[in-house]
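Inside the fold
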Amino acid sequence: MEEQQRRALRRGRTRLVAALRVEPLWDPLEQRGIFTRPMLEELQSAGSRGEQARQLIIDLETRGKQAFPAFLSILRDTGQGDLAEMLIQECESRPVPAQLPDLRPVELEPQGEKQRKRLPFLTGIVSCWISQQALGIRGSLIVLCPCQDYEMKADPCGYCLILNNVNFSRDSGLSTREGSDIDCEKLERRFKALRFTVLTRRDLKAQEMVLELQKLSRQDHSALDCCIVVILSHGCQTSHIQFPGGVYGTDGKPIPIEKIVNYFNGSNCPSLRGKPKLFFIQACGGEQRDQGFVVDCGSPEDEAPGGSLESDATPFGLPSGNVDEPDAIACLPTPSDILVSYSTFPGFVSWRERSSGSWYVETLDSVLEQYARSEDLLNLLLRVANAVSAKGRYKQMPGCFNFLRKKFFFVC
């Protein structure tokens, strides 16, 4: 899909969500090959009409070069030509230059006034608000910050869902992930010790994975403080808007990471609003092999073991003519209170030993065992990244997309 078409969908999203009648669109979208039946069933499960419309517009951006003109045609055929014309006008209009935020100092009123006012101040480019209750003694300003740690008082803390795909169908062309059961057992023990209710599912097709994720997102988490999802599978690159990468079901069908994450955002899972949602992805981000570079300081030089070293990569060739190239377009506000930890940098392979499991999970388990009692999650993941990056002849660099608002400490 061309950039101006994507931009038109984003600019028109508010009106589309408010007015789009989605029910008459499903059959034409399938008949024209824009979406498959399982994809449409997933869209229909998104919630209300408006939520279905919102997810449809988001997903439409990933459906190839023909998706936009086909969508316009379907809108006209279903009596929604006014929306089609609106999108055409948005497509033809020029992009508005981004406006830099005003970072000038803000004058704060002194403590004399009786009425409470909300006083804006800037931290970086993020506008925050404080109350005049923050005004301290003798005319000085004292900002009383709320607790900077997520509350973790519930017992159990929350659910931890582990999806462990080991054996893949012959038609998928994906190899057996030997060593993944070792990863799964380690994480089961670790998160149980960290006071989570662990749910493990093995060898699921893509649609079965989606159903398990939706089932968990629809649970009532009101009495819980956190939710964790762990996915152990083959992975690939995918077109995306928010979070890169995808994971495969055992039938060889990919699920975008961002779709997995969005099942648990504030709109789709209200009982987890304001609570940390953690995702740990042991899967490849692509098929590039990182040979590293020479550094002056002494660092471990472990040789990659012999024939037991495998990757979770799957071939990622040039896209065919009717699909877009993979891209990363920042267009939506990323949901808060979410952290996605990847076993490898997007585009590169993730290594796994048949006898001891993956480098990432083995290191994560060890770091949690040693430091979870005393360090917050981001420090723990830095330790994991440092340790994994020093392994082997081929290199691997874990990383994360962090949108947590506070520090997260496990309860031990």
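Not measured: the values here are computed from a predicted model.

Strand pairing in a sheet is mediated by backbone hydrogen bonds. Such pairs are either parallel or antiparallel. One open sheet holds the 6 strands; their spatial order is β4-β3-β5-β9-β11-β14, and the pairing between them is mixed. Either end of the sheet is taken by a strand with one partner, and the two such strands are β4 (196-202) and β14 (399-403). Between one strand and the next, the sheet's axes are offset by a mean angle of 10°, whatever the strand orientation. Examined bridge by bridge, strand β11 (residues 338-342) and β14 share 5 bridges and lie antiparallel to one another.

On to the pairing of strand β5 (residues 226-232), then. Of all 7 residues in β5, 7 are buried; the element is thus mostly enclosed. On β5, burial covers both faces: Cys 226, Ile 228, Val 230 and Leu 232 on one face and Cys 227, Val 229 and Ile 231 on the other are all buried. Pairing geometry for β5 and strand β9 (residues 277-282), over 6 bridges, is parallel. Looking across to β9, one finds that Leu 232 is bridged to Gln 282.

Now for the side chain of Asp 59. Tracing the sequence through the fold places Asp 59 in helix α5 (residues 49-60). Classification of Asp 59 as buried rests on a relative accessible area of 9%. What Asp 59 contacts, discounting residues up to four positions off in sequence, is Phe 35, Leu 43 and Lys 259.

Core analysis: the largest hydrophobic core is formed by 34 residues, its most contacted members being Phe 191, Phe 196, Ile 228, Leu 278, Phe 280 and Phe 410. Sorting the residues of this core by element identifies β3 (158-164), α8 (180-193), β4, β5, β9, α11 (359-371) and α12 (377-389) as the ones contributing at least two each. Per-element accounting of this core gives the leading share, 6 residues, to α11. Excluding anything up to four places from it in sequence, Phe 191 contacts Cys 160, Phe 196, Val 198, Ile 228, Val 230, Phe 280, Leu 368 and Phe 410. Of all hydrophobic cores here, the second largest spans 29 residues; its members include Leu 9, Leu 43, Leu 83 and Ala 84.

The next point concerns the packing of aromatic side chains. Geometry of an aromatic ring pair is reported as the spacing of the ring centres plus the angle between the planes. Per the counting criterion, the structure on display carries 9 aromatic pairs. Between Phe 191 and Phe 196 the ring centres are 6.1 Å apart and the planes differ by 85°, which places this aromatic pair in the edge-to-face class. As far as the burial class goes, Phe 191 and Phe 196 line up, both buried. Centroid distance Phe 196 to Phe 410: 6.3 Å. Interplanar angle 70°. Geometry classified as edge-to-face. On the criterion of sequence distance, the pair formed by Phe 196 in strand β4 and Phe 410 in the segment after β14 is long-range, its members being 214 residues apart. The same class applies to Phe 196 and to Phe 410, which are both buried. By the ring-pair criterion, three or more aromatic residues cluster together here, those being Phe 191, Phe 196, Phe 280, Phe 408 and Phe 410. Its guanidinium or amino end placed over the ring of Tyr 371, Arg 383 lies 3.7 Å from that ring's centre, counting from NZ or CZ.

Criteria and thresholds
- Residues numbered from 1 in each chain as written.
- Predicted model: local features only at pLDDT ≥ 70, side-chain atom pairs only at ≥ 80, totals over all residues.
- Heavy atoms only, no water.
- Pairing = 2+ DSSP bridges.
- Helix = DSSP H or I, 4+ residues; strand = E, 2+ residues; numbered from the N terminus.
- Axes fitted to C-alpha atoms, helices over the stretch in contact; angles between N-to-C directions.
- Buried < 20%, exposed > 50% of the residue type's maximum accessible area, 1.4 Å probe, protein only.
- Contact = heavy atoms within 4.5 Å.
- Core = buried A, V, L, I, M, F, W, Y, C linked by side-chain atoms within 4.5 Å.
- Phe/Tyr/Trp six-rings, centres within 6.5 Å; stacked < 30°, edge-to-face > 60°.
- Lys NZ or Arg CZ within 6 Å of the ring centre and 35° of its normal.

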